[in-house]
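Report on the structure
So the chains spell out like this:
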Amino acid sequence: MKKIPLYIQIIVALILGIIVGTLLPSVVPYIRWIGNLFMNALCMLIVPIIFFSVSTSVEGICSESSGTFGRIGSKALGMYVLTMLLAIATGLCLVWLIRPGSAVAGIAPPSDVPSQVGSFSPTDIVSGFIPSNIFHAFAQNNTVPVIFVSILIGYFVTKISPEGKAAILPILKGGYEITLKIMRVVIMFAPLGVFAIVAKQFADAGDVGGLLKNMLMYVVTVTAGLLIQTFITLPLLLRFMGKVNPIKHFRNMGVPLITAFSTASSGATLPLTLQAVKEKDGVSSKVTDFVVSLGATINMNGAALLECVAVIFIAQVYGVELTVLQTVIISLMSLLCAIGSAGVPMSAMVMMAIILNVVGLPPEGIGLVIGVDRILDMLRTAVNVYGDTCVAVIVGKSEGEHLSIDI
């Protein structure tokens, strides 16, 4: 018997959760523990996924960007950060303009989360980057210092002796692989977690219709942001920075984009992306192999946009006021989490939990968006891959290459 795809299971769980929460709210107290267990498992992964993914990503960037590829690597990294920041800015504008999560009656965060979270100053943020006790930061899920320590370790691994690097690097990479395997096991139980969490959200909601409208508007907001990034932002960068025809480039990328959309995995699409950029656009192998491969690891335009929008959407649903400083923190964390995001389906769930943890919002809010994550996962993966190809073209042109899509 053929196994039912995970995204179908999650959609069914979402529908059942809505039905049970709306029609049988008295049942919810008996299944709430399932949702708590699932959220605990996600929170359990926060520190290891940050530590291992960020440290190995930084080590890879520092290693690959040295020597022959120093100039190309610097250009690619700069362009990837720029495109992700533009995606985040687009998401911020849309989520504040549309306000998809305007507070729903009856929905409130846990009692330990005030209506305005995070009353800290910029100096608190800066001083919080360096922990007085590393192990305390790890034990308390204090993600900001964990990120800082991970960056330091990833950078300095490249500066120690070959013997030391040979001893430490396999531990980091092995830890990353183990964490990914555990994450995949946790995601296998996502349908049960989604069912329990969504049932609780709808049982608590005084306006079920309003909550459904919120979820629909969230999908519309993210989709609009992804379309703007694909058909306006990236083409403008191609036209004015790359001096190429963006329409021709988009046509040439048809096969990898369709594959990325259907598989929701940038890693699985990589061979097709490399082939299209080299053979159809004419970018050299030297640039394509390095830039696109690096992008499949760290460039997550769509993920950065979605995570930023999702966190602010959750805050809006709970009626939590976010300060300007918190919005900046969410933006920076979305960038960092997108860079450290694993190239596997639904990894954004864990990254979202990380950002919610940093700004003090309840991780249970993920239940509001996880049910519709699969279709958005497919869209954002296609945007991620398209961003990789655009940066490869721009870097190739900056190296003086002549392409088949030149104006």
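Criteria and thresholds
Residues numbered from 1 in each chain as written. Predicted model: local features only at pLDDT ≥ 70, side-chain atom pairs only at ≥ 80, totals over all residues. Heavy atoms only, no water. Core = buried A, V, L, I, M, F, W, Y, C linked by side-chain atoms within 4.5 Å. Buried < 20%, exposed > 50% of the residue type's maximum accessible area, 1.4 Å probe, protein only. Helix = DSSP H or I, 4+ residues; strand = E, 2+ residues; numbered from the N terminus. Contact = heavy atoms within 4.5 Å. Salt bridge = Lys/Arg side-chain N within 4 Å of Asp/Glu carboxyl O. Expected span 1.5 Å × (residues − 1). Phe/Tyr/Trp six-rings, centres within 6.5 Å; stacked < 30°, edge-to-face > 60°. Lys NZ or Arg CZ within 6 Å of the ring centre and 35° of its normal. pLDDT = per-residue confidence, 0-100.

Considering the nonpolar core
Phe38, Tyr218, Val291 and Ile366 are the most contacted members of the largest nonpolar core, which has 119 residues in total. A per-element tally of this core places helix H15 (residues 301–317) first, with 13 residues. Excluding anything up to four places from it in sequence, Val291 contacts Ile72, Ala76, Tyr80, Val391, Ala392 and Val395.

Digging into the pattern of salt bridges
Counted according to the given criterion, the structure contains 5 salt bridges. In this structure, Asp289 engages Lys278 in a salt bridge whose closest nitrogen and oxygen atoms are separated by 3.1 Å. With a gap of 11 residues between them, Asp289 in helix H14 (residues 285–298) and Lys278 in helix H13 (residues 266–281) connect regions that are remote in the sequence. Exposure remark for Asp289: the relative accessible area of 34% places this residue in the partly exposed category. For Lys278, a relative accessible area of 26% puts it in the partly exposed group. With a shortest N-O distance of 2.9 Å, Asp406 and Lys397 are connected by a salt bridge. Residue classification places Asp406 among the partly exposed positions, given a relative accessible area of 22%.

So, helix H18 (residues 373–398)
Its 26 residues give H18 an end-to-end C-alpha distance of 37 Å, which sits within 8% of 38 Å, the value for a rise of 1.5 Å per residue. Taken across its 26 residues, H18 has 22 buried, putting it largely inside the fold. Directly beyond the C-terminal end of H18, a positive phi value near 85 degrees is found at Gly400.

So, unusual backbone geometry
Comment: phi is negative for the bulk of residues other than glycine, and the bulk of peptide bonds are trans. For Arg99, which is not glycine, the phi torsion reads 50 degrees and is therefore positive. With respect to the element layout, Arg99 can be found in the loop between helix H4 (70–98) and helix H5 (122–128). With relative accessibility at 40%, the residue Arg99 sits in the partly exposed group. Within the chain, Lys243 stands out as a residue other than glycine whose phi angle is a positive 55 degrees.

A word on the environment of Thr297
Relative to the assigned elements, Thr297 resides in helix H14. In this structure Thr297 comes out as partly exposed when scored by relative accessible area, which is 40%. Sequence spacing of Thr297 and Gly60 is 237 residues, and the spatial spacing of their C-alpha atoms is 9.6 Å.

Here's the deal with the packing of aromatic side chains
Counted by the stated rule, this structure contains 6 aromatic pairs. Summarising the aromatic geometry, the rings of Phe51 and Phe138 are spaced 5.7 Å apart at their centres and angled 65 degrees between planes, so their arrangement reads as edge-to-face. Here Phe51, found in helix H3 (residues 46–64), pairs with Phe138, found in helix H6 (residues 134–139); they are 87 residues apart in sequence, far enough to count as distant. With a centroid separation of 5.5 Å and an interplanar angle of 80 degrees, the aromatic rings of Phe250 and Tyr386 are classed as edge-to-face. One end of the pair, Phe250, is in helix H11 (residues 246–252); the other, Tyr386, is in helix H18, with 136 residues separating them in the sequence. The structure contains a cluster of three or more aromatic residues connected by ring pairs, namely Phe51, Phe52 and Phe138. One cation-aromatic arrangement involves Arg239 over Phe240; the distance from NZ or CZ to the ring centre is 5.5 Å.

Topic: the confidence of the model for the protein
Of all residues in the protein, 88% have pLDDT values of 70 or greater, and the mean over the chain is 82. By mean pLDDT, H5 is the weakest element of the protein at 61, and H11 is the strongest at 93.

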